[in-house]
Amino acid sequence: MSVPTQQPTPQALTSTDADSTHPTNSPDNPDNTDNTDNTVTPAVTTHERIARVAAVIFLVIICVAVVWPSGREVAELKDSLGPAFLSQEGKDVVLNLVMLAPATFCAVAGWRDVPWWMWALAGCVVGLSAEVLQSLLPMLERRPSLANVGQNAVGAWAGALAAWYLLRRLHPRPASA
């Protein structure tokens, strides 16, 4: 009768193992024992890290704005931020259009390995979720609207597409072999 032997316990993943800039991912490193196909994991640049942080900051600002309880205070803020030549409704439309554009722009720039259109779709989900949340929580005193969902979606697509275009023009990545 054979007794099954216990497999060795795998080593824990450390922060240096997870860092994409760690030299063990380079085929030029003589200590590289786990990279048998000689692929190079692209390093995350400083610009990408800054864009990631900015995307998270924009998302936090969006979340705070969405769940701000006073609709009147939000309307006053929009009125003070929007262009002076627009009416209050016009300012509302413009600010809904640009609400998600910076977040999706930064997300595309920060996570370049994720397709740009996925960030645009994620922005659409955020915009839809914001309006659903406002409709489900009446204590927010907000007026959710399907028009806002569409305006947010246009802004999300515009931000993601602008980042994709600029990155493609300014910083092309070499094609994978």
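Details of the structure are given in the entry above.
Residues numbered from 1 in each chain as written. Predicted model: local features only at pLDDT ≥ 70, side-chain atom pairs only at ≥ 80, totals over all residues. Heavy atoms only, no water.

What's the story with the overall build of the chain in this structure? I'm lost.
Within the chain one finds seven helices and zero strands. Taking all 177 residues of the chain together, 27% fall into the buried category. Considering only residue pairs separated by 6 or more positions, the chain has 65% of its internal contacts joining residues 24 or more positions apart. (Helix = DSSP H or I, 4+ residues; strand = E, 2+ residues; numbered from the N terminus. Buried < 20%, exposed > 50% of the residue type's maximum accessible area, 1.4 Å probe, protein only. Contact = heavy atoms within 4.5 Å.)

Which parts of the structure should I look at to understand the packing of aromatic side chains?
For any two aromatic rings, the description comes down to two numbers: the centre-to-centre distance and the angle of the planes. Summed over all chains, the structure comprises three aromatic pairs. Taken together, a centroid distance of 5.4 Å and an interplanar angle of 35° make the contact between tryptophan 111 and tryptophan 119 tilted. Pairwise contacts between aromatic rings join Trp116, Trp157 and Trp164 into one cluster. (Phe/Tyr/Trp six-rings, centres within 6.5 Å; stacked < 30°, edge-to-face > 60°.)

Help me understand the nonpolar core, please; the structure alone is not making it clear to me.
In a soluble, globular protein the nonpolar side chains are often hidden away together inside. Counting residues in hydrophobic clusters, the biggest one holds seven residues: Ala51, Val108, Ala109, Ala120, Ala160, Ala163 and Leu167. Among the elements that line this core, the one with the most residues is helix H7 (residues 146-170), at three residues. Counting residues in each nonpolar core, the second largest holds six residues, with Ile62, Val66, Leu100 and Ala156 among its members. (Core = buried A, V, L, I, M, F, W, Y, C linked by side-chain atoms within 4.5 Å.)

Explain the environment of valine 94 to me, please; I cannot follow it from the model alone.
Along the chain, the position of valine 94 falls in helix H4 (residues 88-98). Each C-alpha atom, one on valine 94 and one on proline 83, is 8.8 Å from the other, the two residues being 11 residues apart in sequence.

Can you walk me through the packing of helix H5 (residues 101-110) against H7 in this structure?
Helix-helix packing: each pair is described by the crossing angle between the helix axes and the interaxial distance. Their axes nearest at 7 Å, the elements H5 and H7 cross at an angle of 35°. Regarding H5 and H7, the two cross each other, and that crossing is right-handed. Along its contact with H5, which presents Ala101, Thr104, Phe105, Val108 and Ala109, the element H7 presents Gly155, Ala156, Gly159, Ala160, Ala162, Ala163, Trp164, Leu166 and Leu167. Across the contact of H5 with H7, the residue classes tally to 11 nonpolar, three polar and no charged. (Axes fitted to C-alpha atoms, helices over the stretch in contact; angles between N-to-C directions. Left-handed = near helix turned anticlockwise from the far one by under 90°. Nonpolar A, V, L, I, M, F, W, Y, C, P; charged D, E, K, R; others polar.)

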